[in-house]
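Secondary and tertiary structure notes
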Amino acid sequence: MKKKRFTFHVDLDMFNPASEKDKEYMVQMRESSTFFKDGVKRLYKNKIAFVSFLVIVIIAVSSIVIPAFWPYSYENQLGVQPGKPVDASYNNLKPFEYGRTEQMKIDGGEKVFPHLFGTDSAGRDYFIRVVYGTRVSLAVGLFASIIVLIIGTLIGSISGYFGGKVDLIIMRIVDIIYSLPDMLMVILLSAVFKLTLTPVIAGTPLEKIGANIISLFLVFALLYWVSMSRLIRGQILSLREQEYVLSAQATGAKGSWIIRKHLIPNCISVVIISAALQIPSAIFTESYLSFLGLGVNAPMPSLGSLASEALNGLSSYPYRLVIPAVVISLIVLSLNLFGDGLRDAFDPKLNN
Amino acid sequence: MADNKPIIEVKNLKEYFNINTGLFRSKPLKAVDDISFSINKGETLGLVGESGCGKTTVGRTILHLYNPTAGEIFYDGKLIKSKADIREFRKKATMVFQDPYSSLNPRMTVSDIIGEPLDVHKLCSSKKERQERILELMDYVGLNSEHAARYAHEFSGGQRQRIGIARALAVNPDFIVCDEPVSALDVSIQAQVINMFDELQEKLGLTYLFIAHDLLVVRHISDRIAVMYLGHMVELASAGEIYDHPLHPYSKSLLSAVPVPDPKAARANKRIVLSGDIPSPLNAPSGCPFRTRCAYACDRCAESMPEFKEVSPGHFVACHRADEING
């Protein structure tokens, strides 16, 4: 049957059937936006978080790159030459001052790389020591928070998902660890670990890292996972009542599968945020342990040990305390601001 | 289409939940109390009842998502008891959930959601086989293959429910518990999804336990219908029989509430309105659970629980006075 025309006023020749190309143009699929992409977009819009991210990146990259080409090294005492008496003129140089032999070279027309922050009491270039200390502090912060992240997530998700007696026992252990005075425990544990670990790691590659740093990591692994695991447990407790978890159980999935595939991916934003906020706290802990002499081993600097050494000459060389303190503050501040930005960007409950 | 071999048999199923009523006291909530029925291969059993009467609990307990307090569940004549049995059983029995918004993980793509049962049971040996199976399933339920890489939140309710159905079909089951699969959908979409259930049943020889509270939907899809009240099954009969000759007073009032599209017929239809509310399952009435709201209740109803007996072939009812009432 021939179709009736709708109206005589419309000239049907004006309309052509759409070609395949036209159809393709009309039917366009929007790029599938994931949760992660959305979060990054929001993070990028947040000026403060973005700037602090840049600051962290600049500090981290320079602490890795600069030691590679800097003419001085963190352990090299410039006044000590093999076969010659110690040249004390290199000790305690002010910024942009030079030692005796360097001054002779400059007078002879040669160029000598300046000591930006002077040298310390043993004649070591202070700038490279700060850079190296930053590297150590950042590395300690990062690894410690990774350790905390792994242990906290594992224990928290097991406790939250299985509930009942498992939950009860784990949470009481957490309560006990919480009730210990953590500063005291950190100091005691690092003192004990330092003694026991030193003979154990002698001769292994771990020796280079030093017993102090390893004991620091152990302290973190033992004490600092509790708040993370409480956080994760709380998240999992609410997530496991979701219907998709029941749906996964109905397909016959086991607990470990459900935790890995359903629960952790759904609280990953909380995990990332609290890990980002854990880094500054780890850096702080490392700093005050180093300040108390329980941190990194002697020639290796960290920001805390640099500050601690600077205390002796505080009235003559105050900048030696100010510089590492400023770097610590800068790192901790920008990590905290970045962590806040991460939370704003990734926490779905704060979405507008 | 249904032959008479039962694929699922439920015997004296009980499911009690402990509810804390005080600091150290708890009381059992009898969500499902002593229910027996069987579902034949290829048939659809509709399960109706008002909110909180235990329909969903029956469905979930059959799949052992809750541990049954008492009673036995047989699949294909075999008792499901040990963990290994349950794991094997889950390859044969799956579930479609009510809410298509919360039953799909928002962090997973459609192909991962549909493929999860395959991964859990390691049914596919290669990635290519898995992908092909997923596309085949998506084709069954009328989804485009381009949708495979998208996330569940990008779909409408009807499409999401199709994803849920494809997921339930992934392991090639014989039996599917449909827990109010259409009540969260628009009426027009409901029709599409229900027709799809019908088509899939014919094509794949599926058996359904269809839980719903929309009586017209249940009548359309079911071969037999069971009516539940307060954790008990009060009537069970073929779909036509229960609509034309309901015997239990509760079924009667339930069916009188079904809206009739013809206004003349609707005016002629007398609605039986029940007095009072459904009692709390925490303190259920003695004897017949329905007696507090029943117009025909007598002393006997308070004394003893009526037996669930067959009054005519295939028509079961639990009422002391069923004969008198229906003359």
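Structure first, text after, so check above.
In this text the structure is predicted, and so the values were computed from the model without any measurement.

**Describing the overall build of chain B**
A count of helical and extended segments in chain B gives 12 helices and 12 strands. Across its three principal directions, the C-alpha atoms of chain B cover 65 × 55 × 45 Å. Within chain B, the fraction of its 327 residues that count as buried is 40%. For chain B, the proportion of contacts with a sequence separation of at least 24, taken over those separated by at least 6, is 65%.

**A word on the overall build of chain A**
A tally of regular secondary structure across chain A gives 15 helices and zero strands. Relative to the 2.2 N^0.38 estimate, which gives 20 Å for 352 residues, the radius of gyration of chain A is 29 Å and therefore markedly larger than a compact globule would have. Summarising its shape, the C-alpha atoms of chain A cover approximately 115 × 65 × 35 Å along the three principal directions. The buried share among the 352 residues of chain A stands at 36%. Sequence-distant contacts in chain A: of pairs separated by 6 or more residues, those separated by 24 or more amount to 69%.

**A short note on the packing of helix α5 (residues 126-162) of chain A against helix α13 (residues 268-291) of chain A**
Residues and elements named next belong to chain A. For the pair α5 and α13, the least separation of the axes is 8 Å and the interaxial angle reads 130°. Relative to α13, α5 is oriented oblique. The element α5 and its partner α13 pack so that their crossing is right-handed. Side by side, α5 and α13 meet where S137, V140, G141, L142, A144, S145, V148, L149 and T153 of the first sit next to V271, A275, Q278, I279, P280, A282, I283, E286 and S287 of the second. Tallied by class, residues from the contact of α5 with α13 come to 11 nonpolar, six polar and one charged.

**Here we look at the interface of chain B and chain A**
Buried accessible area, meaning the area lost when the parts come together, often serves as the stated size of an interface. Listed by partner, the interface residues are 22 residues for chain B and 19 residues for chain A. Secondary structure elements with two or more residues in the side of chain B that touches chain A: β6 (93-96) and α3 (110-120) of chain B. Here the element with the most residues in the side of chain B that touches chain A is α3(B); it accounts for three residues. By residue class, the composition of the side of chain B that touches chain A is nine nonpolar, five polar and eight charged.

**What to know about the sheet that holds strand β5 (residues 78-79) of chain B**
All names here are of chain B. Ordered by their spatial adjacency, four strands build an open sheet running β2-β1-β4-β5, and the pairing between neighbours is antiparallel. Two strands in the sheet have a free side with no partner beyond their single neighbour: β2 (26-40) and β5. Relative to β2, strand β1 (residues 6-20) runs antiparallel, the two sharing 11 bridges. Looking at β2, one finds that I19 is bridged to K27.

**Remarks on the packing of helix α14 (residues 303-310) of chain A against helix α15 (residues 319-346) of chain A**
When two helices pack together, their arrangement is captured by the angle between the axes and the distance separating the axes. All names here are of chain A. α15 packs onto α14 with a crossing angle of 155° between their chain directions and a minimal axis gap of 8 Å. Compared by their axis directions, α14 and α15 come out roughly antiparallel. At the point where α14 passes α15, the crossing takes the left-handed sense. Where α14 approaches α15, its residues L303, L306, A307 and A310 are matched on the opposing element by R320, L321, P324, A325, V327 and I328. Across the contact of α14 with α15, the residue classes tally to nine nonpolar, no polar and one charged.

**Quick word on the sheet that holds strand β3 (residues 44-48) of chain B**
All names here are of chain B. Strands sit in the order β6-β7-β8-β3-β9-β10-β12-β11 across an open sheet of eight strands; the sheet is mixed. Of all strands in the sheet, those with a lone pairing partner are β6 and β11 (309-312), marking the two edges. Each strand axis lies, on average, 25° off the axis of its neighbour in the sheet, ignoring direction. Sheet topology places strand β9 (residues 224-229) next to strand β10 (residues 232-238); six bridges connect them, and they run antiparallel. Note that in β10 the partner of A226 across the bridge is L236. Packing of helix α5 (residues 157-169) onto the sheet brings it into contact with β6 and β7 (175-179), and relative to β6 it is tilted by some 175°.

**Some points on unusual backbone geometry**
Residue and element names in this part refer to chain B. At N12, a position not held by glycine, the phi torsion is positive, near 50°. Inspection of the secondary structure puts N12 in strand β1. In this structure, E180 takes a positive phi of about 45° despite not being glycine. Among the secondary structure elements, E180 is positioned in the loop between β7 and α6 (187-204).

**Description of the pairing of strand β4 (residues 70-75) of chain B**
Residue and element names in this part refer to chain B. Note: β1 against β4, five bridges, orientation antiparallel. Bridge pairing links K11 to E72 in β4. Taken together, the two bridges between β4 and β5 define a ladder with antiparallel strand orientation. Bridge pairing in β5 links F74 to L79. The turn linking β4 back onto β5 is made up of two residues, and D76 within it adopts a positive phi angle of 55°.

**Digging into the environment of B:A266**
Note on placement: B:A266 falls in helix α10 (residues 263-268). The spatial distance from the C-alpha of B:A266 to the C-alpha of B:S256 is 9.8 Å, given a sequence separation of 10 residues.

**Things to note about the nonpolar core**
Formed by 147 residues in total, the largest nonpolar core has its most connected members in B:A166, B:L209 and B:F210. Sorting elements by how many residues they give to this core places α5(A) first, with 13 residues. What B:F210 contacts, discounting residues up to four positions off in sequence, is B:T44, B:L45, B:G46, B:L47, B:C178, B:V218, B:I221 and B:S222.

Here is what the cut-offs are and how they apply
- Residues numbered from 1 in each chain as written.
- Chains lettered and ligands numbered in written order.
- Predicted model: local features only at pLDDT ≥ 70, side-chain atom pairs only at ≥ 80, totals over all residues.
- Helix = DSSP H or I, 4+ residues; strand = E, 2+ residues; numbered from the N terminus.
- Buried ≥ 20, exposed ≤ 12 C-beta atoms within 10 Å, placed from the backbone.
- Contact = placed C-beta atoms within 7 Å.
- Rg over C-alpha atoms; globule rule 2.2 N^0.38 Å.
- Axes fitted to C-alpha atoms, helices over the stretch in contact; angles between N-to-C directions.
- Parallel < 35°, antiparallel > 145°, perpendicular 65-115°, else oblique.
- Left-handed = near helix turned anticlockwise from the far one by under 90°.
- Nonpolar A, V, L, I, M, F, W, Y, C, P; charged D, E, K, R; others polar.
- Pairing = 2+ DSSP bridges.
- Core = buried A, V, L, I, M, F, W, Y, C linked by C-beta atoms within 7 Å.

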